[in-house]
Amino acid sequence: QQQVKQSPQSLIVQKGGIPIINCAYENTAFDYFPWYQQFPGKGPALLIAIRPDVSEKKEGRFTISFNKSAKQFSLHIMDSQPGDSATYFCAVNNAGNMLTFGGGTRLMVKP
Amino acid sequence: NAGVTQTPKFRVLKTGQSMTLLCAQDMNHEYMYWYRQDPGMGLRLIHYSVGEGTTAKGEVPDGYNVSRLKKQNFLLGLESAAPSQTSVYFCASSYLSAYEQFFGPGTRLTVL
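The structure displayed is predicted, hence computed values, not measured ones.

Chemist: Any chance you could explain the pattern of salt bridges here in plain terms?
Modeler: Side-chain pairs of opposite charge can arise whenever the charged atoms involved come near each other. Taken as a whole and assessed by the stated rule, the structure comprises 6 salt bridges over all chains. Note that Lys57(A) and Glu59(A) form a salt bridge whose closest N and O atoms lie 3.2 Å from each other. Exposure remark for Glu59(A): the relative accessible area of 38% places this residue in the partly exposed category. Arg36(B) is the salt-bridge partner of Asp38(B), the closest N and O atoms lying 2.9 Å from each other. Overlapping salt bridges, with partners in common, bring together Arg36(B), Asp38(B) and Arg44(B) in one network.

Written out as structure tokens, the structure reads:
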């Protein structure tokens, strides 16, 4: 069964800082590698995803870095804002078209 | 276009009671999923469906059953609720690939 390890569990940064969240997986994975964002009381929503044949994907202030050989990928948030305070989940796509999620990172951006 | 909706939003059960959670999507998605979310454990897949009339077990299926009689609906049943099933339950759907899932607002279930 796929194992996905996400770190850190929680993170506090000042406004304008660059939080980095890491994700590592163990077994073969397929398709895109996504990050989801979840606000309190809401369901998760897809934030950004990267194809397995590229090493970096940037959308606005959010960047995914991907190291396929190391089976690791990370999320960077540039110029972080208080509105980015949320829980972030990485996920890995397994055979059978299902995701295994990391344990989540609770991010707080202080004004 | 409501997206993914879940009914009910909150529920309190006593140990041993049964209930059904309803998920509905209006995006004509083939794939539907049920997850539970517990503090520090992320989202764990309970059961999923790759099309009308099909279901499959996920990571934590014990104590739950599902049915997908219509493409737009995915039902999650608890046969005999236990306190360990206290959790927030999320339904999700996707069109072709699992990486892009659309989640409902969740159902908070408490089993006493």
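Chemist: Even after reading the chapter, I still don't get the packing of aromatic side chains, so can you show me in this structure?
Modeler: Ring pairs (aromatic) are described by centroid distance and by the angle formed between their planes. Going through the model one piece at a time under the given rule, you end up with 17 aromatic pairs over all chains. Ring plane angle 90 degrees and centroid distance 6.4 Å describe the contact between Phe89(A) and Phe101(A), whose orientation is recorded as edge-to-face. Residue Phe89(A) is located in strand β9 (residues 86-94), and its partner Phe101(A) is located in strand β10 (residues 98-101); the two are separated by 12 residues in the primary sequence. Taking the centre distance of 6.4 Å and the plane angle of 80 degrees together, the rings of Phe90(B) and Phe103(B) count as edge-to-face. Note that Phe90(B) is positioned in strand β9 (residues 87-94) and Phe103(B) in strand β10 (residues 102-103), a separation of 13 residues in sequence. Across the pair, Phe103(B) and Phe90(B) agree in class, each one buried. Each residue in the set Tyr36(A), Phe89(A), Phe101(A), Tyr33(B), Tyr35(B), Tyr48(B), Phe90(B) and Phe103(B) is aromatic and connected to the rest through ring pairs, giving one cluster.

Chemist: Looking at this structure, how should I read the sheet that holds strand β7 (residues 62-67) of chain A?
Modeler: Sheets are built from strands that pair by backbone hydrogen bonding, the pairs being arranged parallel or antiparallel. Residue and element names in this part refer to chain A. Taken together, 5 strands build an open sheet; the order of strands is β1-β3-β8-β7-β6 and the sheet is antiparallel. Strands with a single pairing partner mark the edges of an open sheet, and in this sheet they are β1 (4-7) and β6 (56-59). Sheet twist, expressed as the average angle between the axes of neighbouring strands with direction ignored, equals 15 degrees.

Conventions used here
Residues numbered from 1 in each chain as written. Chains lettered and ligands numbered in written order. Predicted model: local features only at pLDDT ≥ 70, side-chain atom pairs only at ≥ 80, totals over all residues. Heavy atoms only, no water. Salt bridge = Lys/Arg side-chain N within 4 Å of Asp/Glu carboxyl O. Buried < 20%, exposed > 50% of the residue type's maximum accessible area, 1.4 Å probe, protein only. Phe/Tyr/Trp six-rings, centres within 6.5 Å; stacked < 30°, edge-to-face > 60°. Helix = DSSP H or I, 4+ residues; strand = E, 2+ residues; numbered from the N terminus. Pairing = 2+ DSSP bridges. Axes fitted to C-alpha atoms, helices over the stretch in contact; angles between N-to-C directions.

Keep in mind that these numbers describe shape and distance, not what the molecule does.
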